[in-house]
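Per-entry structural report
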Amino acid sequence: MKIAKLWWRGAVIYQIYLRSFADSDGDGVGDLVGVTAHLDYVARLGVDAIWVSPFYRSPQADFGYDVADYRDVDPLFGTLVDFDALVARAHSLSLRVILDQPWSHTSDHHPWFAASREARSGPHADWYVWADAKADGSPPNNWQSVFGGPAWTWDARRRQYYMHNFLSAQPQLNAHLPVVQDALLDIARFWLDRGVDGFRLDAINFLMHDPHLRDNPAAADDGPRLRPFDFQLHRFNQSHASIPGFLERLRALTDTIPDRFTLAEVGGAEAASEMQAFTAAGRLDSAYGFDFLYADALTPAVVASAMAAWPAGTGWPCWAFENHDAPRAVSRWAAAAHRDRFARMKLVLLACLRGNPIVYYGEELGLTQVDVPFEQLRDPEAIANWPRTLARDGARTPMPWRGGAPALGFSSATPWLPVGPDHAALAVDRQEADPGSMLAWTRRVLALRRDHPALRWGDIELLLAPASLVVFERRAEAADGGERLLCVFNLSAEPVAWQAPAGWIPLLDSTPSDDVLLPYAARILRAAA
């Protein structure tokens, strides 16, 4: 089989943030049955797979990324029977199902941790990262947690500190131990046996730490530092050289079942090199970082830098402009007056990059960031760092299904987060009735991408990236017809003079005009035969 024809290579992935997609039982929180009921809508977008956020048993301290039982569904979201029904329905619609796996840590309610904290001996004693206090009682080293404060919490039962890169309710697993690795692989096998098509590995570069617990060095003071975590270079609390060896074990497992897909989430200053290492031969299929998710502006330089990190022959990337950890891109990158035009251009750019586009739920509607007031915040990071937060709550608000319905059709109850005040006009039912809507545009763009091998599988070459313009070419292999496409984007709020070269035929234009690219315009042209 040619690698270009593997289902995941070039696939469009639709991220479903489960709590906010669709509530079927009237408790104000989205659930698995709600997703299943709306899979026809997802399939009509033209995507190839869904990535579902964690639904495992959890105290919900970090909304499911703190897992207490990896092999069961939290009653908040349904049952294993509901999950099996979701997979069956997705597969009947030719949608693959990708599950989120937070493996670097568990919940402090997990039975493994309960056993580990009871004593310094026993089968689970070393399954987490424990260390003695310094002579003065302070933590073992200077490591800081992502969400603020030291990465160590004292446990009186064991009379030691335990490590946590995130919340104190998320103790760090000691994945250096083969028995812990075996347990994680058993979890993967459990879900593979239930028919899932792949895994998104959450914050996988946090999987292993420096066993010597050396202090992290200080980072240069070269920008705003909002958390203690930002004051350090993370040499020792993450990104250990043994992580790729575990990924090879995972790959050996997934290769026992045809057509499984593995995707790494990798953040941090060394993300580019880590993504390359994690996707080397015999490891994961793909990876994505935060090139765009935390970018203050969408500029030619940002696009060029992201493309340069994945030259031909170095792996297959995924790209996300929005997700559950970053503010909505249309609000981050465009003034209100330009948001509709910008959303259309951004969607075309995402569809034209070499790799797998990840579309975040509601991105196909042009959803804006919601300004959630302090008293309605749910995210522990936002509450701890108010008002300078990652603003994750504002990107996790309910999906607007019906513009005139209570809670915009998301739920019959008060939603767990408020609906966006401008989201009624962007609701699915209102856009379905408008052939010129952002929803209709998304379907058109994704259909075009599916129909053109140059976009789905082809090589990419950056031609121009001046102050406001990005131009690159996509080229299909001869076996796929040898198609050549020219992709042109004006990333600015001002018109830019640009004339199509001879021999190129217009294929798609978000804002047609002659010899000029209007603000936030996207244009695709095909080389004449």
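Preceding this paragraph is the structure being described.
Read on for an overview of the structure.

When its secondary structure is counted, the chain shows 14 helices and 20 strands. The globule rule puts the C-alpha radius of gyration for 529 residues at 24 Å, and the 23 Å found for the chain is close to it. The C-alpha extent of the chain, read off along each of the three principal axes, is 75 × 50 × 45 Å. Sorting the 529 residues of the chain into buried and exposed places 59% on the buried side. Across the chain, contacts joining residues at least 24 apart in sequence account for 67% of those joining residues at least 6 apart. When the accessible surface of the chain is summed, it comes to about 19400 Å², and 54% of that surface belongs to carbon and sulfur atoms. Where the 49 positive side-chain charges of the chain centre and where its 64 negative ones centre are 3 Å apart.

A word on helix α8 (residues 300-308). When α8 is considered as a whole, its buried residues turn out to be P300, V303, A304, A306 and M307. Each buried residue of α8 sits inside an arc of 165° when the element is viewed along its axis, so together they form one side. Looking at α8, the residues exposed on the side facing more than 90 degrees away from the buried face are A301 and A308. Those residues of α8 that are buried are in contact with β12 (318-320), α10 (339-352), β14 (459-464) and β15 (469-475).

To continue, consider helix α5 (residues 178-193). Counted at 1.5 Å a residue, the expected span for α5 with its 16 residues is 22 Å, and the 22 Å between its end C-alpha atoms agrees. Among the residues of α5, those classed as buried are V180, Q181, A183, L184, L185, I187, A188, F190, W191 and L192. Of the residues trailing α5, G195 is marked for its positive phi of about 100°.

Another point: the pattern of salt bridges. Tallying each qualifying case throughout the model produces 36 salt bridges. Here K346 and E363 are joined by a salt bridge, their closest N and O atoms 2.8 Å apart. Residue K346 is located in helix α10, and its partner E363 is located in the loop between β13 (356-360) and α11 (380-384); the two are separated by 17 residues in the primary sequence. Both residues of the pair, K346 and E363, count as buried. Here R475 makes a salt bridge to E461, at a shortest N to O gap of 2.9 Å. Of this pair, R475 sits in strand β15 while E461 sits in strand β14; the two residues are 14 residues apart in sequence, bridging distant segments of the chain. Judged by its relative accessible area of 29%, R475 is partly exposed. Connected through shared salt-bridge partners, D62, D325, D379, R392 and R396 make up one network.

Turning next to a nonpolar patch on the surface. Taken together, the side chains of F374, I383 and W386 present a nonpolar region at the surface, about 290 Å² in accessible area. Along the chain, F374 falls in the loop between β13 and α11.

All told, the structure shown has zero disulfides when counted by the stated rule. C352 takes part in no disulfide bond, and the closest cysteine sulfur to it belongs to C487, at a distance of 3.7 Å. Under the relative-accessibility criterion, C352 is labelled buried at 1%.

Turning to the side chain of H105, a few remarks are in order. For H105, the position within the fold is in the loop between β5 (96-101) and α4 (111-118). Exposure remark for H105: the relative accessible area of 2% places this residue in the buried category. Among all residues touching H105, those that are not within four sequence positions of it are Y65, Y70, F166, Q170, P171, Q172, L173 and D202.

Here we take up the packing of aromatic side chains. Within this structure, the stated rule accounts for 38 aromatic pairs. Note on F113 and Y128: the rings are 5.0 Å apart at their centroids and 80° apart in plane angle, and the pair reads as edge-to-face. Of this pair, F113 sits in helix α4 while Y128 sits in the loop between α4 and β6 (130-131), placing them 15 residues apart in sequence. Residue classification places Y128 among the buried residues on the basis of a relative accessible area of 2%. Among the aromatic residues, those joined into a ring-pair cluster are F55, Y56, Y70, F83, W112, W127, F190 and W191. In this structure, K5 is placed above the aromatic ring of W457, and the distance from its NZ or CZ to the ring centre is 4.3 Å.

Rules used in this analysis
Residues numbered from 1 in each chain as written. Predicted model: local features only at pLDDT ≥ 70, side-chain atom pairs only at ≥ 80, totals over all residues. Heavy atoms only, no water. Helix = DSSP H or I, 4+ residues; strand = E, 2+ residues; numbered from the N terminus. Rg over C-alpha atoms; globule rule 2.2 N^0.38 Å. Buried < 20%, exposed > 50% of the residue type's maximum accessible area, 1.4 Å probe, protein only. Contact = heavy atoms within 4.5 Å. Areas by Shrake-Rupley, 256 points an atom, 1.4 Å probe, with all protein chains shown as cover. Lys, Arg positive; Asp, Glu negative; His and termini not counted. Charge placed at Lys NZ, Arg CZ, Asp CG, Glu CD. Arc of directions from axis to C-beta. Expected span 1.5 Å × (residues − 1). Salt bridge = Lys/Arg side-chain N within 4 Å of Asp/Glu carboxyl O. Patch = residues over 30% accessible without salt bridge, like charges linked within 9 Å, V, L, I, M, F, W, Y side chains within 5 Å. Disulfide = S-S within 2.5 Å. Phe/Tyr/Trp six-rings, centres within 6.5 Å; stacked < 30°, edge-to-face > 60°. Lys NZ or Arg CZ within 6 Å of the ring centre and 35° of its normal.

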